Amino acid sequence: MQVDAERLAREFVALCETESLSQSEAKVCRRLKEVFTELGAESVIEDQSSAQTGADCGNLLVRFSGTLPLPPLFFTCHMDTVGPAQGIRVQRKGDLFTSSGDTVLGSDDKSGIVACIETMRVLHETGTAHRPVEFLFTTCEEIGLLGAKAFDVGMLTAREGYALDGGSFGDVDIRAPALNRLIVTVSGVAAHAGAHPEWGVSAIILAAKALADMPQGRVDKESTINFGLIQGGTAINIVPDKVVVEGEVRSHNPEKLAQLTEAVRNRFVNTARHWTDPGGAARGKPRIEVQVKQEFLVMQLAEQAPVIRRIDQAAASLGLNLRHGETGGGSDANILNGKGLVTAVLGTGMTNIHATNEQIALADMTGLTRLLLTLLTEVTF
Ligand SMILES: [Zn+2]
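Predicted model, so just to flag it, every value in this text is computed and none were measured.

Conventions used here
- Residues numbered from 1 in each chain as written.
- Predicted model: local features only at pLDDT ≥ 70, side-chain atom pairs only at ≥ 80, totals over all residues.
- Pairing = 2+ DSSP bridges.
- Helix = DSSP H or I, 4+ residues; strand = E, 2+ residues; numbered from the N terminus.
- Axes fitted to C-alpha atoms, helices over the stretch in contact; angles between N-to-C directions.
- Contact = placed C-beta atoms within 7 Å.
- Domains from an automatic or database assignment.
- Nonpolar A, V, L, I, M, F, W, Y, C, P; charged D, E, K, R; others polar.
- Buried ≥ 20, exposed ≤ 12 C-beta atoms within 10 Å, placed from the backbone.
- Parallel < 35°, antiparallel > 145°, perpendicular 65-115°, else oblique.
- Left-handed = near helix turned anticlockwise from the far one by under 90°.
- Expected span 1.5 Å × (residues − 1).
- Arc of directions from axis to C-beta.

**Q** Looking at this structure, I do not really get the sheet that holds strand β9 (residues 178-187). What am I missing?
**A** Note on sheets: strands pair through backbone hydrogen bonds, and any given pair is parallel or antiparallel. The five strands are arranged β11-β12-β14-β9-β15 in an open sheet whose pairing can be described as antiparallel. At either margin of the open sheet sits one strand with a lone partner, and together these are β11 (217-220) and β15 (287-296). The mean angle between the axes of side-by-side strands here comes to 25°, regardless of whether they run parallel or antiparallel. As judged from the three bridges shared by β11 and strand β12 (residues 223-232), these two strands associate in the antiparallel manner. Bridging from a neighbouring strand, D220 pairs with S223 of β12. Along the sheet, helix α6 (residues 203-212) contacts β9, β12 and β14 (242-251); its crossing angle with β14, the most-contacted strand, is approximately 20°.

The following block contains the structure:
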């Protein structure tokens, strides 16, 4: 089985130059429908998730039944990219792809998508027997994993698979932290800053006090905390009565995630509780409301899980040694694992993602394609 590197390169350039910001993935979706239908897919189904995600298309689900009597596997990639993405022109120097410098490249995640396409092209043209395989192409990964969240996993027959996404080629992420989003509304009392400041309770000062001694950054080996958004106040001559602070807690350990989330909540609540009125004339008391949203659950695969042993075996037969690791980021894999689909993340080789100097080497994408081909045709469990 020969991977056609130049064919893969052409498809990669064409896909990257097809703009697909989150919620505008329809053109890429259409292209993938065409490609996989031509390659003889048994079913090519767009789901109904656009109603929930606001995207101009649904998630795309493609199935090839294969002839080897083995359990099905799936591969998943996201169709959307971050911006700036207007008028992407791919540059190629030798083996290396970049954008023209004013946009992202979009190898995140089109490098994964082309590996799926080239894999099926090779199997199609050589007629090689392979195990059943499904592809899930999601929307809106970059804006909160919305496509994966809205996906009905009952539409897949495979229960185990791989997300082809961030990281170096050769990396397999088997652990990723869970994430809680915290939306904290600090309410004070508005008053004229010159005439009656003593009537007011400043929500900004309260929020600042709570944040000033909040644990931040890497709080232990498996957990991080960050407050990244703050919004409040109306004018300099008004004691501010409202501030909304948003942050996140991540941890690889679900118990710690719960403890830290509670600790952050308590820090805010106690700041309000311990507030004392300096002038004795305030026309009210501060209030705190903390909303916790579970964004995604932890991803924790065993080193000896079949999904890992399979990919290790495929790599070994290519003379590769995969590195099992962890990531601090969240991806569709967190969502799918949370829904009961055992999903490891295979790095595609993309670097400097979400930046205009994003790049990827052709050799990494052909390497990934060979790995997929070997997995589908040679691994027998
Ligand atoms: Zn990605």
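We are not done yet, so read on.
**Q** Got a minute to help me understand the domain arrangement of the protein in this structure?
**A** The accessible area lost on association of the parts is a frequent measure of interface size. Here the protein is described as being made up of domain 1 (5-176 + 298-377) and domain 2 (178-296). Averaged C-alpha coordinates put domain 1 and domain 2 at centres separated by 39 Å. Per element, the largest residue contribution to the side of domain 1 that touches domain 2 is three residues, and it comes from helix α9 (residues 332-338). Across the side of domain 1 that touches domain 2, the residue classes tally to three nonpolar, four polar and two charged.

**Q** Just to check I follow, could you spell out the sheet that holds strand β4 (residues 91-93) for this structure?
**A** Read from one edge to the other, the open sheet built from three strands follows the order β4-β5-β19, with strand pairing classed as antiparallel. What marks the edges here is a single partner per strand, and that holds for β4 and β19 (359-361). Neighbour-to-neighbour, the strand axes of this sheet turn through a mean angle of 25°, independent of strand direction. Looking at chain direction, β4 and strand β5 (residues 96-98) are connected through three bridges and run antiparallel.

**Q** What is the right way to read unusual backbone geometry from this model?
**A** Peptide bonds are trans in most cases, and residues, glycine excluded, mostly fall at negative phi. Along the chain, G83 connects to P84 via a cis peptide bond; the corresponding omega equals -5°. Within the element layout of this structure, P84 appears in the loop between β3 (73-78) and β4. In this model, D108 is joined to D109 through a cis peptide bond whose omega is 25°. On the secondary structure map, D109 appears in helix α4 (residues 107-126). Residue C140 is not a glycine yet carries a positive backbone phi of 55°. Tracing the sequence through the fold places C140 in the loop between β6 (133-138) and α5 (146-150). When the 28 C-beta atoms within 10 Å are taken as the criterion, C140 is described as buried.

**Q** What am I meant to see in the packing of α4 against helix α10 (residues 362-377) here?
**A** Between two packed helices, what matters for the description is the angle formed by their axes and the separation of those axes. For the pair α4 and α10, the least separation of the axes is 9 Å and the interaxial angle reads 50°. The angle between the axes of α4 and α10 places the two elements in the oblique class. The two elements α4 and α10 meet at a crossing, and its hand is right-handed. Here S111, V114, A115, E118, T119 and V122 of α4 come into contact with α10, specifically with M365, L368, T369, L372, L373 and L376. When the residues that make up the contact of α4 with α10 are grouped by side-chain class, the tally is eight nonpolar, three polar and one charged.

**Q** Help me out: how do you make sense of helix α1 (residues 5-16) in this one?
**A** Counting along an α-helix, one turn takes 3.6 residues, and residues three or four places apart therefore face a common direction. For α1, built from 12 residues, the straight-helix expectation of 16 Å at 1.5 Å per residue is met to within 8% by its first-to-last C-alpha distance of 16 Å. Within the span of α1, buried status applies to L8, E11, F12, L15 and C16. With its buried residues spanning 125° around the axis, α1 presents them on a single face. Of the residues in α1, the exposed ones pointing more than 90 degrees away from the buried face are E6 and R10.

**Q** How should the pairing of β14 be read in this particular structure?
**A** Side-chain positions along a regular strand alternate between the two faces of the sheet. In terms of strand pairing, β9 meets β14 through 10 bridges, oriented antiparallel. The residue bridging L179 from the neighbouring strand is R250, located in β14. As defined by bridge partners, β12 adjoins β14 across nine bridges and the pair is classed as antiparallel. What sits directly across from Q231, in β14, is V244.

**Q** Mind showing me how you'd approach the environment of I225 here?
**A** Secondary-structure assignment places I225 in strand β12. Put simply, I225 and L257 are 32 residues apart on the chain and 9.9 Å apart in space, counted from C-alpha to C-alpha. Apart from residues no more than four positions distant in its own chain, I225 is found in contact with P215, Q216, V219, G247, V249, L260 and V264.

**Q** Looking at this structure, I do not really get helix α7 (residues 254-273). What am I missing?
**A** Taking 1.5 Å per residue, 20 residues should reach 28 Å; α7 reaches 28 Å between its end C-alpha atoms and fits that length. Every buried residue of α7 is accounted for by K256, L257, L260, T261, V264, F268, T271 and A272. Projected down its long axis, α7 carries its buried residues within an arc of 165°, all on one side. Away from its buried face, by an angle of more than 90 degrees, α7 presents the exposed residues E255, N270 and R273. In this structure, the buried residues of α7 make contact with β9, α6, β11, β12, β14 and β15.

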